[in-house]
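# Working through the structure, step by step
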Amino acid sequence: MTDKQPLALKLADALEEKDFPPRRAAAAELRRLREVNAELVEVAKHALETLDSKHDFNSAEWRVMHYVVFQELQAAIAKAGEQQ
């Protein structure tokens, strides 16, 4: 059986093995960054799926979809930046 736990979480667990506040802070930050990354990946996947759909690129519908996806990407990036 293989361990499917992501490396970031394995490292965070290893950092927390000893009760030392800087290590615990590093582990918490590693977990937080993993969550931020996962959220950004999901938004990016949604953007690609939406913009890759077969639409007339000159249509008003596509322009609206493009604008909405752009706003979603901007919001996700801003949220990730705020959490630093």
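Whatever comes next refers back to the structure up there.
Residues numbered from 1 in each chain as written. Predicted model: local features only at pLDDT ≥ 70, side-chain atom pairs only at ≥ 80, totals over all residues. Heavy atoms only, no water.

## Thoughts on the environment of Phe20
On the secondary structure map, Phe20 appears in the loop between helix H1 (7-15) and helix H2 (21-52). For Phe20 and Leu51, which are 31 residues apart along the polypeptide, the C-alpha to C-alpha distance reads 47 Å. (Helix = DSSP H or I, 4+ residues; strand = E, 2+ residues; numbered from the N terminus.)

## As for a nonpolar patch on the surface
On the surface, Val64, Tyr67 and Val68 cluster together into a nonpolar patch covering about 290 Å² of accessible area. Note on placement: Tyr67 falls in helix H3 (residues 60-82). (Patch = residues over 30% accessible without salt bridge, like charges linked within 9 Å, V, L, I, M, F, W, Y side chains within 5 Å. Areas by Shrake-Rupley, 256 points an atom, 1.4 Å probe, with all protein chains shown as cover. Salt bridge = Lys/Arg side-chain N within 4 Å of Asp/Glu carboxyl O.)

## Section: the packing of H1 against H2
Closest axis-to-axis distance for the H1/H2 pair is 8 Å, and the angle between their directions is 165°. Considered as vectors, H1 and H2 are oriented roughly antiparallel to each other. Relative to H2, the crossing made by H1 is left-handed. Together, Ala8, Leu9, Leu11, Ala12, Asp13, Ala14 and Leu15 of H1 and Arg23, Ala26, Ala27, Leu30, Arg31 and Arg34 of H2 make up the contact between the two elements. (Axes fitted to C-alpha atoms, helices over the stretch in contact; angles between N-to-C directions. Parallel < 35°, antiparallel > 145°, perpendicular 65-115°, else oblique. Left-handed = near helix turned anticlockwise from the far one by under 90°. Contact = heavy atoms within 4.5 Å.)

## Points about the pattern of salt bridges
When their charged atoms lie close together, side chains carrying opposite charge are able to pair. The final tally for this structure, using the stated rule, is 7 salt bridges. A salt bridge links Asp13 to Arg31; the nearest nitrogen and oxygen atoms lie 2.4 Å apart. Residue Asp13 is found in helix H1, and its partner Arg31 is found in helix H2; the two are separated by 18 residues along the sequence. When its relative accessible area of 35% is taken as the criterion, Asp13 is described as partly exposed. The partly exposed category is assigned to Arg31, whose relative accessible area is 25%. Ionic contacts of the salt-bridge type, sharing partners, join the residues Asp13, Glu16 and Arg31 into one network. (Buried < 20%, exposed > 50% of the residue type's maximum accessible area, 1.4 Å probe, protein only.)

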